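# Chains, contacts and geometry: an overview
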Amino acid sequence: MKLLPTKNYNFIIFLVVFLQCVDAFANEPNEYKLAKYKKCMKNFGIQLWRVVDPITNGTYYNTYNYQWNKYFQTVFPIAIFVPSTVPDVQATVKCGFRSRIQLIPNSGAHSYADLSSGTNDTIIVDFRYMNSVDIDEATNSVTVGPGAFVGHVNAKLWQNGGWGTVLGMCMTVAIGGHAIGGGISLFSSLYGLVIDNILEMKVVDARGNAVTVNANCNADLWWAMRGVGPGYIGIVTSIKLKMFKAKNLKLTFTEAQYKVKDFQNVLANYTQWLDWVKDNEPSVMTTMFVTNDNYYVPHQPAKPGVTIQILHLQDPILQPNSSSNVLEAYPTFFNNANAIVTNYPSYIQFVIGTGYTPVLAKPQNTSSNPIDNQLNFYSTLTKEMAVSRYFFSKSFYVNKQIRSDELNEVQDVVNEIPNNTMGIQINAEQGAIGARRATDSAYVHRNSLFDLRVYYESISGGDSVVAGKRWLKKFMKATQFMDSGATY
């Protein structure tokens, strides 16, 4: 597999040396390292209130160190640095190296593997103050700070001209991690992944240099930063994304509901449907959700049982002749549903209706327009508003057709899916996603038919965590034949 272009390896060599140095001096007391780091930062003109540690600023340290995922053991990093400018980030990279402390970028703290929380021997670089959203209508682009949430961006774009960009469903995910990992969206079949909509990034490399990364500048970083995920090749300080005129889109959204017992037939038909869509209308996005038949969790958008969601988009600029008539074919594949509902929402109604906002707070009714109330609420989201809960997940990619008779064992496992804690989400990886070559970026899954994510989520935890892990293990074993080899 091609890993990187053959030129400009210096930044990687430097990073390897940096990590080796960190390991070599791992036994130095953290107090000594922190003192050295602070002295270095002061020499760079950084105000030391931005270096939040538990001794000198315990109140803010406890606030900033909020870790919503109780599944993982709480860690207590040496300090939390809160930059607001690119020079701030440059300084922390240089001082982290000089004081032999590993730095952990933290945009929204949504790493499924808890990588953004670091360890007791790291410094967190918390981007909560680098969350700007700057619209440029002249270039149909928006430049976003790594700490801006999906909800912040959706609100700003819609309320300032009816714009949109490709983003995921969870409103409390921040752009920094979301973008460089790939970033699938319900709009990806037409517009591609988030990384496919990146025009440019500003990055601080391992030397502490601020560099511009785009198709014509720093080609190695341009390849790697689009899909690398938490690889720490560089720290992103801003991302410039394409925009589209969301208010001009025409959406047709169909949902078909089944019972859990129908899973194997529905999934087999789903893969056949994806083949048909690929040949007839690649811009159709199809997702599949599975929960227990009695599922009910108020803050989750998922419905009980098996749900097929089919979204047709018509963009008057990209494909003005596309018609939702293609959806007349779906009953051939998804028949005998318990319920089928078709709606024609506006873009923003769809974004809000399918969005996931795991917070306890609710929008304030400050306007007679409920959409404005919801968007105003999105604009106020912070990390600390996230519901404290238990969460773990596994995912893999599938690149082949699945027959119903291959799914007997999987069906037996799905019949036992724990209620109100476990869920399965399947996203088509087609259309504009698959239209790009797998070698064009570090996202190597372009030839996949779909991705599958199975997850546990619960506020209470307890015995249900053990039951969830046991069920997940059975599910992963039963579906091993489907896995293309890329499991996360």
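Each value, and the rule that gives it
- Residues numbered from 1 in each chain as written.
- Predicted model: local features only at pLDDT ≥ 70, side-chain atom pairs only at ≥ 80, totals over all residues.
- Heavy atoms only, no water.
- Helix = DSSP H or I, 4+ residues; strand = E, 2+ residues; numbered from the N terminus.
- Buried < 20%, exposed > 50% of the residue type's maximum accessible area, 1.4 Å probe, protein only.
- Contact = heavy atoms within 4.5 Å.
- Areas by Shrake-Rupley, 256 points an atom, 1.4 Å probe, with all protein chains shown as cover.
- Lys, Arg positive; Asp, Glu negative; His and termini not counted.
- Charge placed at Lys NZ, Arg CZ, Asp CG, Glu CD.
- Pairing = 2+ DSSP bridges.
- Axes fitted to C-alpha atoms, helices over the stretch in contact; angles between N-to-C directions.
- Parallel < 35°, antiparallel > 145°, perpendicular 65-115°, else oblique.
- Left-handed = near helix turned anticlockwise from the far one by under 90°.
- Expected span 1.5 Å × (residues − 1).
- Arc of directions from axis to C-beta.
- Disulfide = S-S within 2.5 Å.
- Core = buried A, V, L, I, M, F, W, Y, C linked by side-chain atoms within 4.5 Å.
- pLDDT = per-residue confidence, 0-100.

### A look at the overall build of the chain
- On a plain count of helices and strands, the chain comes out with 14 helices and 16 strands.
- With the C-alpha coordinates of the chain rotated into their principal frame, the extents come out at 70 × 55 × 55 Å.
- Among the 488 residues that make up the chain, the fraction classed as buried is 56%.
- Looking at the chain alone, contacts between residues at least 24 apart form 74% of all its contacts between residues at least 6 apart.
- Summed over its atoms, the accessible surface of the chain is roughly 21000 Å², and 51% of this surface lies on carbon and sulfur atoms.
- Side chains of the chain give 41 positive and 36 negative charges; the mean places of these two sets differ by 6 Å.

### A look at the pairing of strand β5 (residues 133-136)
- Examined bridge by bridge, β5 and strand β6 (residues 141-144) share four bridges and lie antiparallel to one another. In the strand pairing of β6, Asp136 is matched with Ser141.
- Between the antiparallel neighbours β5 and β6 lie four residues, among them Asn140 with a positive phi of about 50°.

### Here we look at the packing of helix α5 (residues 150-159) against helix α12 (residues 370-379)
- Contact geometry of α5 with α12 gives a least axis separation of 7 Å together with a crossing angle of 135°. Classified by the interaxial angle, the pair formed by α5 and α12 is oblique. Of the two elements, α5 crosses α12, and the hand of that crossing is left-handed. For the pair α5 and α12, contact is made by Gly151, His152, Ala155, Trp158 and Gln159 and by Asp372, Leu375, Asn376, Tyr378 and Ser379, respectively.

### Looking at the sheet that holds strand β2 (residues 79-81)
- With mixed pairing, four strands are arranged side by side in an open sheet as β1-β2-β4-β3. Every other strand in the sheet has two partners, leaving β1 (51-52) and β3 (102-106) as the edge strands with one partner each.
- Sheet topology places β2 next to strand β4 (residues 122-126); three bridges connect them, and they run parallel. Residue Ile80 lies in a different strand from β4, and its bridge partner there is Ile124.
- Against the sheet, helix α4 (residues 86-98) engages β2, β3 and β4, with an angle of about 150° to β3.

### Let's talk about helix α14 (residues 463-478)
- The end-to-end C-alpha separation of α14 is 23 Å, in line with the 22 Å expected for 16 residues at 1.5 Å each.
- Val465, Gly468, Trp471, Leu472, Phe475, Met476 and Ala478 are the residues of α14 that are buried. Here the buried residues of α14 occupy an arc of 150° about the axis, which is enough to place them on one side. Facing away from the buried side of α14 by over 90 degrees, the exposed positions are Asp463, Arg470, Lys473 and Lys477.
- Contacts made by the buried residues of α14 are with β14 (390-398), α13 (408-414), β15 (422-428) and β16 (450-458).

### Quick look at the state of the cysteines
- Evaluated as defined, the whole model comprises one disulfide.
- The disulfide bridge from Cys40 ends at Cys95, spanning 2.1 Å between sulfur atoms. Looking down the S-S bond of the Cys40 and Cys95 bridge, the torsion is -80°, so its handedness is left-handed. Taken as a pair, Cys40 in helix α2 (residues 30-43) and Cys95 in helix α4 lie far apart in primary sequence, 55 residues in all.
- Look at Cys40 and you get buried, because its relative accessible area is 9%.
- Judged by relative accessible area, Cys95 falls into the buried class, the value being 0%.

### Focus: the nonpolar core
- Counting 113 residues, the largest nonpolar core has Met201, Tyr270, Trp273, Met288, Phe334, Phe450 and Phe475 as the members making the most contacts within it.
- Broken down by element, this core gets its largest block of residues, seven residues, from helix α9 (residues 263-280).
- Counting 21 residues, the second-largest nonpolar core is a separate cluster that includes Ile78, Ile101, Leu103 and Ile235.

### A short note on the environment of Phe263
- Examined against the element boundaries, Phe263 turns out to sit in helix α9.
- Judged by relative accessible area, which is 1%, Phe263 ranks as buried.
- In the structure, Phe263 is positioned 43 residues away from Val306 in sequence and 6.6 Å away in space, judged by C-alpha atoms.

### Some remarks on the sheet that holds strand β11 (residues 285-290)
- Taken together, the seven strands give an open sheet; going across it, the order is β13-β10-β12-β11-β15-β16-β14, and neighbouring strands pair in antiparallel fashion. Across the chains shown, the open sheet's two edge strands, defined by having one partner strand only, are β13 (339-343) and β14. Ignoring which end each strand starts from, the neighbouring axes of this sheet average 15° apart.
- Set on the sheet, α14 makes contact with β14, β15 and β16; between it and β16 the angle comes to about 165°.

### Section: the environment of Cys170
- Looking at where Cys170 falls in the secondary structure, it is placed in the loop between α5 and α6 (175-181).
- According to the relative accessible area criterion, Cys170 is buried, its value standing at 14%.
- Sequence separation between Cys170 and Lys202 is 32 residues, and the spatial gap between their C-alpha atoms is 24 Å.
- Among residues more than four places away in sequence, those in contact with Cys170 are His110, Val150, Tyr356 and Pro358.

### Quick word on the environment of Asn248
- Looking at the secondary structure, you find Asn248 in the loop between β9 (235-242) and β10 (250-258).
- The class of Asn248 is partly exposed, set by a relative accessible area of 40%.
- Residues Asn248 and Glu406 lie 158 residues apart in sequence; the distance between their C-alpha atoms is 43 Å.
- Filtering out sequence-adjacent residues up to four positions away, Asn248 remains in contact with Gln314 and Pro316.

### Re the confidence of the model for the chain
- Averaged over all residues, the pLDDT of the chain is 92; the fraction at 70 or higher stands at 94%.
- When the criterion is pLDDT under 50, residues 1-18 qualifies, and its contacts beyond four places in sequence or with other chains add up to 27 contacts.

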